[in-house]
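Coordinate inspection notes
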Amino acid sequence: MADNEDDLTFQVIVPAGGECREFELIASPKDTGEKLKKKIEKASGIPCDDMELFAMNPEGDSKQKWIFDDASLRQQEIQDSAVITVAVH
């Protein structure tokens, strides 16, 4: 779980050579989509410029939503325990 009660804990799914790799990531609600990409880049080695991020919240709408680079996770209503899917292009 997150160290700070305000932090968000995500399950991140990243493609890796025809399969998917999963890991846990902690971020602040104040972080932007771009900052989240940089954290994922550090953990996965996939360049930020090659990523698109999508989130599926644990509650509410069950559709994936695109994560914008220039808005905070709070502004985009990304919830704790959301599943973040990385699309690589």
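Residues numbered from 1 in each chain as written. Predicted model: local features only at pLDDT ≥ 70, side-chain atom pairs only at ≥ 80, totals over all residues. Heavy atoms only, no water.

What follows deals with the UniProt feature "domain: Ubiquitin-like" (unreviewed entry) in the chain. As annotated by UniProt and renumbered to match this structure, "domain: Ubiquitin-like" (unreviewed entry) occupies residues 10-89. Summarising residues 10-89: 15% helix, 38% strand, and an end-to-end C-alpha distance of 22 Å. (UniProt positions renumbered as here; feature names shortened; annotations may be inferred. Helix = DSSP H or I, 4+ residues; strand = E, 2+ residues; numbered from the N terminus.)

With that settled, the discussion passes to the nonpolar core. Within the largest apolar cluster, 19 residues are counted, with the highest numbers of intra-cluster contacts made by F10, V12, L36, I40 and I84. Only β1 (8-16), β2 (19-27), α1 (33-44), β3 (51-56) and β5 (83-88) provide two or more residues apiece to this core. Ranked by the residues each element gives to this core, the list is headed by β1, at four residues. Filtering out sequence-adjacent residues up to four positions away, L36 remains in contact with F10, L25, A27, L53, I67, L73 and I84. (Core = buried A, V, L, I, M, F, W, Y, C linked by side-chain atoms within 4.5 Å. Buried < 20%, exposed > 50% of the residue type's maximum accessible area, 1.4 Å probe, protein only. Contact = heavy atoms within 4.5 Å.)

Should the sulfur atoms of two cysteines be covalently bonded, the bond is a disulfide. A full pass over the atoms with the stated rule returns zero disulfides. In this structure C20 is not part of a disulfide, and its nearest cysteine sulfur, from C48, lies 19 Å away. Residue class for C20 comes out exposed when judged on its relative accessible area of 59%. (Disulfide = S-S within 2.5 Å.)

For the rest of this paragraph, the subject is the packing of aromatic side chains. Counted by the stated rule, this structure contains one aromatic pair. Seen in terms of ring centroids, W66 and F68 are 4.5 Å apart; in terms of plane orientation they differ by 70°. Their pairing is edge-to-face. (Phe/Tyr/Trp six-rings, centres within 6.5 Å; stacked < 30°, edge-to-face > 60°.)

Taking strand neighbours across the sheet as the criterion, the five strands line up as β2-β1-β5-β3-β4 in an open arrangement whose pairing is mixed. Because the sheet does not close on itself, it has two edges, and the strands there are β2 and β4 (65-66). Together, β1, β2, β3 and β5 form the strand contacts of α1, whose direction differs from that of β2 by roughly 125°. (Pairing = 2+ DSSP bridges. Axes fitted to C-alpha atoms, helices over the stretch in contact; angles between N-to-C directions.)

A separate point is the environment of A55. Within the secondary structure, A55 is located in strand β3. Those residues in contact with A55 that lie beyond four places of it in its chain are K63, Q64, K65, I67, I78, V83 and I84.

This next bit is on the pattern of salt bridges. Evaluated as defined, the whole model comprises three salt bridges. When the shortest N-O distance is used, the salt bridge between D31 and K35 registers 3.6 Å. A residue is classified by how much of its surface remains accessible, and K35, at 43% relative accessible area, is partly exposed. The shortest N-O distance in the salt bridge between D69 and K37 comes to 3.0 Å. With D69 in the loop between β4 and β5 and K37 in helix α1, this residue pair connects regions lying 32 residues apart in the sequence. Of the residues examined, D69 reaches a relative accessible area of 30% and is grouped as partly exposed. K37 sits in the buried class, given a relative accessible area of 5%. What you see here is one network of salt bridges that share partners, running through D31, K35 and K39. (Salt bridge = Lys/Arg side-chain N within 4 Å of Asp/Glu carboxyl O.)

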